[in-house]
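Structure at a glance
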Amino acid sequence: MKIATASKVLAAVAAAASLAGCYVVPLQPTPAPAGPTVVVPAAPPQPVTFTARLYPSNPLATSYGMVAAVVTNDLNGRGRFSTALDGESFMGEATRVAGSQRDGVANGAGSRGSYLNCRYTMNSPTMGTGTCVHSSGATFTMHIGS
């Protein structure tokens, strides 16, 4: 019986040894699944508002004196232009000249039928100069920015 007992012991040891090599231990714990990925788009650039001052440059414009205007740039080559001249409100657009990053045109239609046409050049991102002509023939030198 000693051989049978020895065989049983040897079989038990062999079975235990073979099972010991099959045990799997993870090296790192599995991370919990992440929730849905949320992508937040960058905020679009906000419009920039510039003040403009129109100074008389001929005798017809002297009666108007200095005129304040506002140009709102939407940062896509266009903007809004507004001013008041002798009690008349002017509203219009300001756009960059095709192919230019600096030159632009601003036009405004008056509430009483007059118009104002301006051409300008931006000397920096926030400052520029130009000229404006009123439908009466009055001309102005334009300064944009502070």
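Throughout this description, residue numbers start from 1 for each chain and increase along the sequence as written. For a predicted model such as this one, the threshold for reporting local features is a pLDDT of at least 70, and the threshold for listing and counting side-chain atom pairs is 80 or more; totals across whole chains, interfaces and linings nevertheless cover every residue. Side-chain figures throughout are based on the complete set of non-hydrogen atoms in the structure, without hydrogens or water.

**Considerations on the overall build of the protein**
Filter applied, for reference: Strands here are runs of E lasting at least two residues and helices are runs of H or I lasting at least four, both read from the DSSP assignment and numbered beginning at the N terminus. Classification of residues uses two cut-offs on accessible area relative to the type maximum, computed with a 1.4 Å probe and protein chains only: under 20% is buried, over 50% is exposed, and between them is partly exposed. The criterion used for residue contact is that any of the two residues' heavy atoms lie within 4.5 Å. Residue burial considers only the protein chains on display, and all accessible areas are found by Shrake-Rupley using a 1.4 Å probe.
Helices and strands together make up the secondary structure of the protein, namely two helices and eight strands. Its helices and strands in sequence order give the protein the pattern α-β-α-β-β-β-β-β-β-β, from N to C terminus. Classification of the 146 residues of the protein by burial places 25% in the buried group. If you take every contact in the protein between residues at least 6 apart in sequence, the share linking residues at least 24 apart comes to 32%. Summed over all atoms, the accessible surface of the protein reaches about 10,000 Å², with 63% contributed by carbon and sulfur.

**Examining the state of the cysteines**
Test applied: Note on terminology: disulfide denotes any pair of cysteine sulfur atoms within 2.5 Å.
Considering all chains together, one arrives at one disulfide under this definition. Here Cys118 engages in a disulfide with Cys132; their sulfurs sit 2.1 Å apart. Taking the sign of the S-S torsion, 110° for the link of Cys118 and Cys132, the bridge is right-handed. Placement of Cys118 in strand E6 (residues 115-122) and of Cys132 in strand E7 (residues 128-134) is noted, with a sequence separation of 14 residues between them.

**With respect to unusual backbone geometry**
Excluding glycine, most residues fall at negative phi; most peptide bonds, likewise, are trans. Positive phi, normally seen in glycine, also occurs at Leu75, with a value near 65°. Relative to the helices and strands, Leu75 is located in the loop between strand E2 (67-73) and strand E3 (78-85). On the basis of relative accessible area, Leu75 is assigned to the partly exposed category, the value being 38%. Look at Asp86: it is not a glycine, yet its phi comes out positive at around 55°. Assignment of secondary structure puts Asp86 in the loop between E3 and strand E4 (88-96). The class of Asp86 is exposed, set by a relative accessible area of 59%.

**Topic: the pairing of E3**
The line we're drawing: At least two DSSP bridges between two strands are needed for those strands to be called paired.
Because side chains alternate across E3, one face comprises the buried residues Gly79, Phe81, Thr83 and Leu85, and the other comprises Arg78, Arg80, Ser82 and Ala84, none of which is buried. Here E2 folds back onto E3, and the loop between the two strands holds four residues, one of which, Leu75, carries a positive phi near 65°. Across eight bridges, the pairing between E3 and E4 is antiparallel. When the bridges of E4 are listed, Ala84 appears paired with Ser89.

Coordinates in, geometry out; function isn't part of it.
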